[in-house]
Structure formats: C-alpha cells, structure tokens
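An overview of the molecular structure
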Amino acid sequence: MAPVSGGVTLPTNTTRALQSVNFPGRYAVVRSDSLGYLDPVTSSTSTAVKQSATFTVVPGLADGSCYSFRDSSGRYLRHKDFRVRFDPSNGTTLFNQDATYCARPGSATGSVSLESHNYPGRYLRHYNYELRVDAYQDNATFRADSSFRAVSPWA
C-alpha cells in the first residue's frame, strides 16, 4: 500500500469498489458503452452491475507510487478527451499515463481524490453521473464530486 498524506492508503492487488462521498449509494461503474459512470449499486443489484462496480487496485502503470484500476475483463480505468472510459492496455506510454491516478486526501475522512498522472491538477470526478477528469475547482461541490471511498468489492 502506498501512503497518502493524511493517512489514507489504497490497498494494491486487492478488489475494491469506488463509492461516491456525496452520493454514498452510487459507485464508479463501467457500462456496456465502455464509459465510466456513477450508478446506484445495492445488494439486490444484478451480478453484472456488481461486477461492473468492482475493480482491482494495482500499482500505477506509469508510476508505481500511484494507482491504476482494472475491471474483471482486464480493461483499465483511463481518460481520453477527459472522459473516463475502460480500455484494454495497448502498452503505450500515453495509455499508461492516462490510466494512472495519484491518491490525494479527499473531502471526507477516509476518502481519496484521484489526480490524473499526466494532467496534474485534473481529478477523477462525477458530473451529471458521468465520470470525467476535470480541472480542480476550489469549492465544496467539486471537492465532494471528486472524493471516493475504496470500499469492499461488490463482486
């Protein structure tokens, strides 16, 4: 586990779900269009949706002190044109950078914000329930929208 200032760590080589801080019933998921969203997941949700909300946290592809997130089919959470999507690795430097996020203290105790490795100052966040990588904004809404808890996996 890599420590994050503020005492937050993410366990690597372990499956986790990314729970929204400000919408605690919603989790980062990958849908059939390969894009990332913030969707509701509960104990009665289908197995397929639970699997889409479960990721393996691995050392960052571009920087081992940061993190990458892999879904059950081997695709990585990455950004392209600042929209979050899930793609299989093509092994390029650009892909590895797009799929690497550095953990920063989140807006709530035990939460993290995930800063883009190759676009410092841009963070994984939800906007209209779509996952994006947006420039930091110093306001409570942005801080909450860009904070997640790595919680027990759904699948």
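Here the structure is a predicted model, which means the values were calculated and not measured.

This part takes up the pattern of salt bridges. Counted by the stated rule, this structure contains 11 salt bridges. Salt-bridge contacts for Arg83 lead to Glu130; the nearest nitrogen and oxygen are separated by 3.7 Å. Within this pair, whereas Arg83 is found in strand β9 (residues 83–88), its partner Glu130 is found in strand β13 (residues 130–135), the two being separated by 47 residues in sequence. Taking the relative accessible area as the measure of exposure, Arg83 reaches 12% and is therefore buried. You can call Glu130 partly exposed: its relative accessible area is 31%. Among the charged side chains, a network of salt bridges with common partners joins Arg78, Arg85, Asp87 and Asp98.

A few words on the side chain of Thr56. Along the chain, the position of Thr56 falls in strand β6 (residues 55–59). A relative accessible area of 17% places Thr56 in the buried class. Setting aside residues no more than four positions away along its own chain, Thr56 makes contact with Asn13, Thr14, Thr15, Ser68, Phe69 and Arg70.

Residues of the protein with pLDDT of at least 70 account for 95%, and the chain-wide mean is 93. For residues 1–7, every residue scores under 50 in pLDDT, and the model assigns this stretch 16 contacts once sequence neighbours within four places are set aside.

This part takes up the environment of Ser116. Within the fold, Ser116 resides in strand β11 (residues 112–116). Sequence-wise, Ser116 and Asn90 are 26 residues apart; in three dimensions their C-alpha atoms are separated by 18 Å. With near-sequence residues (within four places) excluded, Ser116 lies in contact with His79, Thr100, Tyr101, Arg122 and Val133. Reaching out from Ser116, the side chain makes a polar contact with the backbone nitrogen of Tyr119 at a distance of 3.1 Å.

Here we come to the state of the cysteines. Joining two cysteines, a disulfide is a covalent bond between their sulfur atoms. Counted by the stated rule, this structure contains one disulfide. At a sulfur-sulfur separation of 1.9 Å, the disulfide partner of Cys66 is Cys102. Between Cys66 and Cys102 the disulfide shows an S-S torsion of about 85 degrees. By sign, it is right-handed. With a gap of 36 residues between them, Cys66 in the loop between β6 and β7 (67–70) and Cys102 in strand β10 (residues 101–105) connect regions that are remote in the sequence. When sorted by exposure, Cys66 lands in the same class as Cys102, which is buried.

Conventions adopted
Throughout, a residue's number is its position along its own chain's written sequence, starting from 1. Given that the model is predicted, a residue must reach a pLDDT of at least 70 before its local features are reported, and side-chain atom pairs must reach 80 or more before they are shown or counted; all residues, however, enter totals for whole chains, interfaces and linings. Working from all heavy atoms in the structure, the side-chain values ignore hydrogens and water. Salt bridge, as used here: a side-chain nitrogen of Lys or Arg that lies within 4 Å of a carboxyl oxygen of Asp or Glu. Only DSSP runs of H or I with at least four residues qualify as helices, and only runs of E with at least two residues qualify as strands; both kinds are numbered from the N terminus onward. Only protein chains enter the accessibility calculation, which uses a 1.4 Å probe. A residue is then buried if its area is under 20% of the maximum for its type, exposed if over 50%, and partly exposed in between. Should any heavy atoms of two residues lie within 4.5 Å, those residues are considered in contact. Predictor confidence is given residue by residue as pLDDT, running from a minimum of 0 to a maximum of 100. Distance and chemistry together define a polar contact, namely a pair of N or O atoms within 3.5 Å, with one atom able to donate a hydrogen and the other to accept it when in protein, and with adjacent residues in sequence counting only for side-chain atoms on both sides. Two cysteine sulfur atoms form a disulfide, by the criterion used here, when they sit within 2.5 Å.

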